[in-house]
Amino acid sequence: MEIFKDFKVLELASVLAGPSVGQFFAELGAEVIKVENPTTYGDVTRSWKVSGEKTDDRSAYFCSVNWGKKSIALDLHVEEDLVIVKKLALRADLIIASYKPGDAEKLGVDYQTLSQSNPGVIYAQVSGYGWDNARVGYDAVIQAEAGFMSMNGEVDGASLKMPVALMDLLAGHQLKEGILLALLEKSRTGRGKHVAVSLIESAVASLANQATNWLVAGKLPKKQGSSHPNIAPYGDVFKSKDEREILLAVGSDRQFADLCEIIGVREIAFEERFKKNASRVENRLELNTILQSGIGSLGADELMVKINTKKIPAGVIQTMDKVFEMHEVLGMIMTHGQLKGVRTMVVDGIDRNTSLLPPPKLDEHSDEVRALI
C-alpha cells in the first residue's frame, strides 16, 4: 500500500520546482490535482519543446515532472473558477504554490485565506528570492547569482550554466523536506503549516565545499573544467586508446596507487609530488599528462574491467541513449503509449504507485475533478 494513499494534493504551481514536488507525492500514491491557467494555455512548459519535437500539449519538458496528475483549467481571475479552487483547497491535505510574492494574496489563494476554512492544510510555497523580494526567479539567473556559473567552465573559458535546471530541482527537494517536517509536526499537533523555500537560498545551501573553500580557506573558487578543487585525480577526464572519454574520481591514496599499477605508471605513486592527495592537487597538470599516457595505452572496456576489479571510482562518459541502457536504471522508466518518463522517487523500501497516470493534457480531467466537489 502506498504511504500517501488517500492523501490529497492541490498543485497551484508551474514550471519545474513545484511540479516536481507534486510528482513526488503522486509516485507515493497521492491524488494530485494540477490547476492550470487556460488563458496561458496551461503550464508554460507545455510549450517548451526542443527543436524538431513533435508532441501534443504534453511536451517532453512537461513530461519530466507531471506524471500521476489530473489537470483542470481554471482562471483564478474568474469568480466561478476561484470558487472551485477554494472548494478543492478545502479537501486538500497539501497545497503547492509557486506564485510571485504577493500574487497569491491578490488572487485569494494564500495560506492565511485558505487555512481559515482548512486549518489542517499544509501550504508549501516556492519563490525566487523570498517573500520580501518580488523579483521573478529563473533557474539560469539563480545559477549565475549563486556562484555556480562562475565556477563552471574550462580554465579561462566562458561561464557556463548547467544543462539541467538544478536550482529548481534543489528547491523542490528542500520543499519536500519542509513538507515532510510539517507533516511530522501535524501528526503531533493536528495543525497545518505554511512552509516556504526560495531558489536563491536552496542554491547557496547546496554550494557545499565550494562555499567553505571561500568561507573557511579563503580560496575563491574558479573555473577548472570538471576537475575537483580539493582532490586529484577527481573529475579529470582522459581518453582511452579507442578515443572514449574516461572520468576518474580517485578519492584515496590507495586507489591512486592501484590506478597507477593498472595503467603501467606504478613508480609515480611513490614520488613525493604525487604520493599524497594534497601534492597531487598542487601538481595536477603534470600528473594528468602522465596519467593520460598510461590510460591512452588501453581500450576503454579493458581499462574499466581492471578498474572495477580494483574498485577504483571511474566511469565512461555516456550519452543519454547509453544511460537508459544501464540495467540499474531500467526500472526507473515509466511508459504509457508513446510517452516515457523517469521516476523521481527512488528510495528503496517505500511502497510506490506502480500505475501512475500519464502526464495530463490541459483540462483533461475537468469533469472528474468538478465531480469531486
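The structure this text deals with has already been given above.
Residues numbered from 1 in each chain as written. Predicted model: local features only at pLDDT ≥ 70, side-chain atom pairs only at ≥ 80, totals over all residues. Heavy atoms only, no water.

### Some remarks on a nonpolar patch on the surface
Put simply, the rule reads: Patch membership requires over 30% relative accessible area and the absence of a salt bridge. Like charges are linked within 9 Å, and nonpolar side chains (Val, Leu, Ile, Met, Phe, Trp, Tyr) within 5 Å. All accessible-area figures derive from a Shrake-Rupley calculation using a 1.4 Å probe, and residue coverage is judged against the displayed protein chains alone. Salt bridge, as used here: a side-chain nitrogen of Lys or Arg that lies within 4 Å of a carboxyl oxygen of Asp or Glu. A run of H or I in DSSP becomes a helix once it reaches four residues, and a run of E becomes a strand once it reaches two; helices and strands are each numbered from the N terminus.
A contiguous nonpolar patch, built from Val44, Trp48, Val136, Tyr138 and Val141 and spanning about 420 Å² of accessible area, is present on the exposed surface. Here Tyr138 is to be found in the loop between β5 (122-127) and α5 (139-145).

### Description of the environment of Ala13
Worth spelling out the cut-off: Partly exposed residues are those whose accessible area sits between 20% and 50% of the maximum for their type, while under 20% is buried and over 50% is exposed, using a 1.4 Å probe and protein chains only. Here, residues are in contact when the closest pair of their heavy atoms is within 4.5 Å.
Within the secondary structure, Ala13 sits in the loop between β1 (8-12) and α1 (17-27). Of the residues examined, Ala13 reaches a relative accessible area of 6% and is grouped as buried. Measuring from C-alpha to C-alpha, the distance between Ala13 and Ala278 comes to 46 Å, with 265 residues separating the pair along the chain. What Ala13 contacts, discounting residues up to four positions off in sequence, is Gly18, Pro19, Lys34, Asp43, Ile96, Ala97 and Ser98.

### Some words on the sheet that holds strand β7 (residues 234-239)
Operational definition: Two strands pair if DSSP finds at least two bridges between them. Note on geometry: axes are C-alpha line fits, over the in-contact stretch for helices, and angles between N-to-C directions span 0 to 180 degrees.
The strand order β7-β8-β9 describes an open sheet built from 3 strands, whose pairing is antiparallel. Strands with a single pairing partner mark the edges of an open sheet, and in this sheet they are β7 and β9 (314-316). Pairwise comparison of adjacent strand axes, ignoring direction, gives a mean angle of 25 degrees for this sheet. As paired strands, β7 and strand β8 (residues 245-249) are joined by 4 bridges and run antiparallel to one another. Bridge assignment links Lys239 to a residue of β8, and that residue is Glu245. The strands that helix α13 (residues 284-295) touches are β7 and β8; relative to β7, the one it contacts most, it runs at about 45 degrees.

### Let's talk about the packing of helix α10 (residues 253-263) against helix α14 (residues 300-309)
Spelled out, the test is: The sense of a crossing depends on the near helix, which, turned anticlockwise from the far helix by less than a right angle, makes the crossing left-handed and, turned clockwise, makes it right-handed.
Here α10 crosses α14 at 145 degrees, and the two axes come no closer than 10 Å. As α10 packs across α14, the resulting crossing turns out to be right-handed. Counting all contacts with α10, which are made through Leu259, Ile262 and Ile263, the residues of α14 involved are Leu303, Lys306 and Ile307.

### Here we look at the side chain of Asn66
So the rule is basically this: For this analysis, a polar contact is any N or O atom pair within 3.5 Å, provided that within protein one partner can donate a hydrogen and the other can accept it, and provided that sequence-adjacent residues contribute only side-chain to side-chain pairs.
Tracing the sequence through the fold places Asn66 in the loop between β2 (31-36) and β3 (69-73). With relative accessibility at 0%, the residue Asn66 sits in the buried group. Only 2.9 Å separates the side chain of Asn66 from the side chain of Lys69, close enough to count as a polar contact. Non-local contacts of Asn66, meaning those with residues more than four positions away in its chain, are made with Glu11, Pro19, Gln23, Lys34, Asp43, Pro358, Pro359 and Pro360.

### A look at the sheet that holds β1
Judged by pairing direction, the sheet is parallel, and its 6 strands sit side by side in the order β3-β2-β1-β4-β5-β6 without closing on themselves. Looking at the sheet topology across the chains shown, the edges are occupied by β3 and β6 (193-198). Along the sheet, successive strands turn relative to each other by an average axial angle of 20 degrees, direction set aside. Note that β1 and strand β4 (residues 94-97) share 4 bridges and pair parallel. The partner of Leu12 across the bridge, within β4, is Ala97.

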